[in-house]
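Take a look at the letters that make up each chain.
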Amino acid sequence: MKVRECFLQAVAIVGVEEEARETWAAMNRINAPWAAVFDGTHLIGVVNKKDLDSFLRVPEVFQRVGEVAKMDMPSRRGISLSPDTDLNEVVLRLEMAGADAAFVEGDGRPHGVMEMDAAKRALSRSS
């Protein structure tokens, strides 16, 4: 089974210089639980609302999302997958990185995020 055959979570694409609050707003505009943070064409990491939470609660903190993406879990999610990647490989790569999700390139469809739990569920159904 390939990634393209699975349900992907929506993702907002943002640059490293964007503020955490702006990223949160971009995610909400398209109802995406994830944001992929890029420095030009290089994926830095993938953040979710939980990652941004502490930077949104304190009004005087204006953290760049690039700094948030370099932190522990978001940076481990800095894995970019092709939609043609086999799910067994996805699970292996995520486990090796200690990540819970990875960015999936669009290739003719919208970009998305593949979560580890979703990949494992899809694998168990395909066996």
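Predicted model only: the values in this text are computed from it and were never measured.

Right, let's get into the pattern of salt bridges. One side chain can pair with another of opposite charge once the charged atoms of both are near each other. Per the stated rule, a full pass over the model turns up 8 salt bridges. The salt bridge partner of Lys120 is Glu95, with a shortest N-O separation of 3.8 Å. Placement of Lys120 in helix α6 (residues 116-126) and of Glu95 in helix α5 (residues 87-97) is noted, with a sequence separation of 25 residues between them. When its relative accessible area of 40% is taken as the criterion, Lys120 is described as partly exposed. Several salt bridges converge on common partners, so that one network encompasses Glu17, Glu19 and Arg64.

Given 3.6 residues to a turn, an α-helix orients residues that are three or four positions apart in the same direction. Listed in full, the buried residues belonging to helix α1 (residues 20-29) are Ala20, Thr23, Ala26 and Met27. Down the axis of α1, the buried set is contained in an arc of 120 degrees. They therefore lie on one face. Buried residues along α1 sit against β1 (11-15), β2 (34-39), β3 (42-48), α2 (49-57) and α3 (65-69). A positive phi of about 55 degrees marks Asn31, the residue just after α1.

Turning our attention to the nonpolar core. Within the largest apolar cluster, 18 residues are counted, with the highest numbers of intra-cluster contacts made by Val3, Leu81, Leu87, Val90, Leu94 and Met114. Contributing elements (two or more residues each) for this core: α5, β5 (101-104) and α6. Counting 15 residues, the second largest nonpolar core, distinct from the first, contains Ala35, Val47, Leu52 and Val65.

Right, let's talk about the packing of α1 against α2 for a bit. Contact geometry for α1 and α2: axes closest at 9 Å, N-to-C directions at 135 degrees. Classified by the angle their axes make, α1 and α2 are oblique. Read as a crossing pair, α1 and α2 show a hand that is left-handed. In contact with Ala20, Arg21, Thr23, Trp24, Met27 and Asn28 of α1, α2 contributes Lys49, Leu52, Phe55 and Leu56. In terms of residue class, the contact of α1 with α2 is made up of 6 nonpolar, 2 polar and 2 charged.

About the cut-offs
- Residues numbered from 1 in each chain as written.
- Predicted model: local features only at pLDDT ≥ 70, side-chain atom pairs only at ≥ 80, totals over all residues.
- Heavy atoms only, no water.
- Salt bridge = Lys/Arg side-chain N within 4 Å of Asp/Glu carboxyl O.
- Helix = DSSP H or I, 4+ residues; strand = E, 2+ residues; numbered from the N terminus.
- Buried < 20%, exposed > 50% of the residue type's maximum accessible area, 1.4 Å probe, protein only.
- Arc of directions from axis to C-beta.
- Contact = heavy atoms within 4.5 Å.
- Core = buried A, V, L, I, M, F, W, Y, C linked by side-chain atoms within 4.5 Å.
- Axes fitted to C-alpha atoms, helices over the stretch in contact; angles between N-to-C directions.
- Parallel < 35°, antiparallel > 145°, perpendicular 65-115°, else oblique.
- Left-handed = near helix turned anticlockwise from the far one by under 90°.
- Nonpolar A, V, L, I, M, F, W, Y, C, P; charged D, E, K, R; others polar.

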